[in-house]
Amino acid sequence: MRTDGHESVIEVTDLRRVYGGGFEAVRGVDFSVRRGEVFALLGTDGAGKTSTVELLEGLAAPTGGRVRVLGHDPYTERAAVRPRTGVMLQEGGFPSELTVAETARMWAGCVSGARPPAEVLELVGLKSETDTRVKQLSGGQRRRLDLALALLGDPEVLFLDEPSAGLDAEGRRDTWELVSALRDAGTTVLLTTHYLEEAEHLADRLAIMHEGRIAATWTPAEVTAAQPSHISFELPAGYFVGDLPPLASLGVSDHEVDGRMVKLQTRELQRAATGLLVWAGQAGVELRRLDVRSASLEEAFLSIAKEVSSRTSDRTAPETAKVYVA
């Protein structure tokens, strides 16, 4: 893979994007993506993910800041960047009357050094649909076709905007396996996704966007580790919360009781779980419906978004700008 000597193949510095009417969709974003890394951009609708990715793809010029992909400005030096990148948009918009094979051949004619279309269609699971017209494809099959065309040029950098939207569970898993294989082969992948499980499964690192800013940039494990873990169980008959060991001595930071169910929060999961089980063993009781788990990426994401929202003033975008952000 060529990287022109750059360890980071994507570099974003103080990136800004303002739409007509003055709506600032991207508000000073900074991040970098290393060679051979899967980097995920997460955020609720309106966070600025797609607005950011379009600038990285060279589809528009930033209002402010700096973007470099493979060492080049993707907008002003598009000829140097585009042949080395693959782009999967949220919707491809292909001619509906063409077959899958015809669409792939047409696209291959626009790509430098294109891979054989049949090879790429087989890679994404569309080998049996080559003679099917695009208008007859299901939503999931169209997403597979979008991905196939993004891979035709054997890209060094691959941009995936909601790659598994519309796919069933099997299709989603197949896509994950393909993205992982591409990463292992040295392809750098930047993706946006609403599926937090997808980001947790695929991403080496991720950034959480909120209202046009980066709220956090960590590995998925670091994001979840920063949130409290949870223990829940049903109190044994005849016992009350006061009969448990002092919760603070177990490293429990908070708790709630709902009928006979007790829910504990802790940042010291092993210590809390061990202390609780030792107590149950000594008391000769069983902790029914026991559930011990670390925080999920979903919980971490919601917590971070809530925290950032509480620190920022309410901002309402102009109604006309809503169609531009994702």
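Residues numbered from 1 in each chain as written. Predicted model: local features only at pLDDT ≥ 70, side-chain atom pairs only at ≥ 80, totals over all residues. Heavy atoms only, no water.

Caption draft 1: The overall build of the protein, seen in detail. A tally of regular secondary structure across the protein gives 10 helices and 13 strands. Summarising its shape, the C-alpha atoms of the protein cover approximately 75 × 45 × 40 Å along the three principal directions. Residue burial in the protein is summarised as follows: out of 326 residues, 48% are buried. For the protein, long-range pairs separated by at least 24 residues make up 69% of all intrachain contacts whose partners lie at least 6 apart in sequence. Accessible surface, the protein: about 15700 Å² in total, of which carbon and sulfur atoms supply 48%. (Helix = DSSP H or I, 4+ residues; strand = E, 2+ residues; numbered from the N terminus. Buried < 20%, exposed > 50% of the residue type's maximum accessible area, 1.4 Å probe, protein only. Contact = heavy atoms within 4.5 Å. Areas by Shrake-Rupley, 256 points an atom, 1.4 Å probe, with all protein chains shown as cover.)

Caption draft 2: Summary view of the packing of aromatic side chains. All chains considered together, the criterion is met by 3 aromatic pairs. With a centroid separation of 5.1 Å and 10° between ring planes, the pair formed by Phe31 and Phe39 is classed as stacked. There is no split in this pair, since Phe31 and Phe39 are both buried. For the pair Phe94 and Trp107, a centre-to-centre distance of 6.3 Å together with 80° between the ring planes defines the contact as edge-to-face. Separated by 13 residues along the polypeptide, Phe94 in the loop between β5 (85–88) and α3 (100–108) and Trp107 in helix α3 bring together distant segments of the chain. A relative accessible area of 18% means that Phe94 is categorised as buried. Classification of Trp107 by relative accessible area gives partly exposed; the value is 31%. The side chain of Arg172 reaches across the aromatic face of Tyr195, ending 4.1 Å from its centre. One residue, Arg260, lies across the ring of Phe240, its end atom 5.8 Å from the ring centre. (Phe/Tyr/Trp six-rings, centres within 6.5 Å; stacked < 30°, edge-to-face > 60°. Lys NZ or Arg CZ within 6 Å of the ring centre and 35° of its normal.)

Caption draft 3: Quick peek at the packing of helix α5 (residues 139–151) against helix α6 (residues 169–184). Relative to each other, α5 and α6 sit at 10°, their axes nearing to 12 Å. Classified by the interaxial angle, the pair formed by α5 and α6 is roughly parallel. The hand of the α5/α6 crossing is left-handed. Along the contact surface, α5 presents Arg144, Leu147 and Leu151, while α6 presents Gly171, Asp174, Thr175, Leu178 and Leu182. Class assignment for the residues of the contact of α5 with α6 results in 4 nonpolar, 2 polar and 2 charged. (Axes fitted to C-alpha atoms, helices over the stretch in contact; angles between N-to-C directions. Parallel < 35°, antiparallel > 145°, perpendicular 65-115°, else oblique. Left-handed = near helix turned anticlockwise from the far one by under 90°. Nonpolar A, V, L, I, M, F, W, Y, C, P; charged D, E, K, R; others polar.)

Caption draft 4: Inspection of the sheet that holds strand β11 (residues 252–258) at higher detail. As summarised here, the arrangement of the 4 strands in space is β11-β12-β10-β13, forming an open sheet in which the pairing is antiparallel. In the strand order of this sheet, the two ends are held by β11 and β13 (288–293), each with one partner. Neighbour to neighbour, the strand axes of the sheet diverge by 15° on average, direction disregarded. As defined by bridge partners, β11 adjoins strand β12 (residues 261–266) across 6 bridges and the pair is classed as antiparallel. In the strand pairing of β12, Asp254 is matched with Gln265. (Pairing = 2+ DSSP bridges.)

Caption draft 5: The arrangement of the confidence of the model for the protein in detail. Per-residue pLDDT for the protein averages 88, and the proportion of residues at 70 or more is 92%. Looking at the elements of the protein, mean pLDDT is at its lowest for helix α10 (residues 297–311), recorded as 71, and at its highest for strand β4 (residues 64–69), recorded as 97. Every residue in residues 1–6 is under pLDDT 50, and counting partners more than four places away or in other chains gives 19 contacts. Contacts of residues 313–326 to residues separated by more than four positions or lying in other chains number 23 contacts, the stretch itself having pLDDT below 50. (pLDDT = per-residue confidence, 0-100.)

Caption draft 6: Structural detail: α6. Helix length check: α6 (16 residues) gives 23 Å between terminal C-alpha atoms against 22 Å at 1.5 Å per residue, within 8%. Within α6, burial applies to Gly171, Arg172, Thr175, Trp176, Leu178, Val179, Ser180, Leu182 and Arg183. Looking at the packing, one finds that the buried side of α6 touches β3 (38–42), α4 (117–123), α5, β6 (157–161), β7 (188–192) and α7 (196–202). Where α6 terminates, the next one or two residues include Gly186, which has phi positive at roughly 110°. (Expected span 1.5 Å × (residues − 1).)

Caption draft 7: Structural view of the pattern of salt bridges. One pass over the full model with this rule turns up 19 salt bridges. Ionic pairing is found between Asp14 and Arg16, a salt bridge with its closest N-O pair at 3.3 Å. Exposure remark for Asp14: the relative accessible area of 35% places this residue in the partly exposed category. (Salt bridge = Lys/Arg side-chain N within 4 Å of Asp/Glu carboxyl O.)

Caption draft 8: Main features of the sheet that holds strand β8 (residues 205–210). The strand order across the open sheet formed by 6 strands is β5-β6-β7-β3-β8-β9, and the pairing between neighbours is mixed. Two strands bound the open sheet, and with one partner strand each, they are β5 and β9 (213–218). Strand-to-strand twist in this sheet, taken as the mean axis angle between neighbours without regard to direction, amounts to 15°. Relative to β9, β8 runs antiparallel, the two sharing 5 bridges. Among the inter-strand pairings, Ile208 is bridged to a residue of β9, identified as Ala216.

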